[in-house]
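Here is how the chains run, residue by residue.
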Amino acid sequence: TARICRTPGTSGFLAGAWEQERGQQPSLSNLLSGFQSNWKALVPLGLVYLVGVATAVTVAGAVSGISIEKLLAGTGENPTPQMMHDLRSAMMWTLLFMLPIVLALWFAPALIVFDDLGVRQALTVSLAACSRHAGVIIVYAITLFAVASLVSILVLGIAKMIPGAGQIALFTLAIPLTGVLFISD
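Treat the numbers as computed from the prediction; the structure is a model and nothing was measured.

The rules we used
- Residues numbered from 1 in each chain as written.
- Predicted model: local features only at pLDDT ≥ 70, side-chain atom pairs only at ≥ 80, totals over all residues.
- Heavy atoms only, no water.
- Helix = DSSP H or I, 4+ residues; strand = E, 2+ residues; numbered from the N terminus.
- Buried < 20%, exposed > 50% of the residue type's maximum accessible area, 1.4 Å probe, protein only.
- Contact = heavy atoms within 4.5 Å.
- pLDDT = per-residue confidence, 0-100.
- Axes fitted to C-alpha atoms, helices over the stretch in contact; angles between N-to-C directions.
- Parallel < 35°, antiparallel > 145°, perpendicular 65-115°, else oblique.
- Left-handed = near helix turned anticlockwise from the far one by under 90°.
- Nonpolar A, V, L, I, M, F, W, Y, C, P; charged D, E, K, R; others polar.

**Quick word on unusual backbone geometry**
Logical step 1: Its identity as a non-glycine residue notwithstanding, Asp116 has a phi of 60°, on the positive side.
Logical step 2: Along the chain, Asp116 falls in the loop between α6 (108-115) and α7 (119-132).

Written as structure tokens, this is what we have:
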């Protein structure tokens, strides 16, 4: 539900920024504007994201041979080099499969709010705009790769030092990483 409501909420921030750029004072009504206008096009963007993430994680798990259940269950043992490899592989495959979803959603809320585009057209235009600016996207992807690698090393290092702490470390480090992803799109 949070992701579905996040897209209209993001458009409210865009409306507030637009008001400020025009020299006006942003107001609470700007923040709520995404829920008042264009919400029929904005809510499906959240659904596209949810379906895309579920698909990317499922396919990445199938390709890498690791599942969320296996990752969260742990073994209570120190992680082996194979477990570390499997985790890094799953994270990298997930990032690879998430990239087109993130790119298609990058500018879509703004295109719906400011240009009054439909969902399909906004996703298409956003993906095309991102592909035209591939250099910036590559820098973003490299940074995301580095952060994901660091998180996996930290999680597995903590799990190795303190048996059973892997799940706590995973969630503790996943929250800031999720924040970075939300802020960046």
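We are not done yet, so read on.
**Describing the environment of Ala122**
Logical step 1: In this structure, Ala122 sits in helix α7.
Logical step 2: Accessibility expressed as a relative area gives 0% for Ala122, which makes it buried.
Logical step 3: For the pair Ala122 and Leu111, spaced eleven residues apart in sequence, the C-alpha to C-alpha distance is 5.7 Å.
Logical step 4: Ala122 has contacts with Ala104, Ala108, Leu111, Ile112 and Leu117, leaving out every residue within four places of it along the chain.

**Concerning the environment of Ser64**
Logical step 1: Topologically, Ser64 is positioned in helix α3 (residues 39-64).
Logical step 2: For Ser64, a relative accessible area of 12% translates into the label buried.
Logical step 3: Ignoring any residue separated from it by four or fewer positions in sequence, one finds Ser64 in contact with Ser89, Ala90 and Trp93.

**Thoughts on the confidence of the model for the chain**
For residues with low pLDDT, the predicted coordinates do not support detailed interpretation.
Logical step 1: Looking at the chain, the pLDDT average stands at 76 and 70% of residues meet or exceed 70.
Logical step 2: Per-element mean pLDDT across the chain ranges from 61 in helix α9 (residues 166-184) up to 93 in α7.

**Details of the packing of α3 against helix α5 (residues 81-106)**
Helix-helix packing is characterised by the crossing angle of the two axes and by the distance between the axes.
Logical step 1: Relative orientation of the contacting elements α3 and α5 amounts to 155°, with a least axis distance of 8 Å. Taken as axis vectors, α3 and α5 run roughly antiparallel relative to one another. Our pair here, α3 against α5, has a crossing hand that is right-handed. Counting all contacts with α3, which are made through Leu45, Val48, Tyr49, Gly52, Val53, Ala56, Val57, Val59, Ala60, Val63 and Ser64, the residues of α5 involved are Ser89, Ala90, Trp93, Thr94, Phe97, Met98, Ile101 and Leu105.
Logical step 2: Among the residues forming the contact of α3 with α5, the class breakdown is 15 nonpolar, four polar and no charged.

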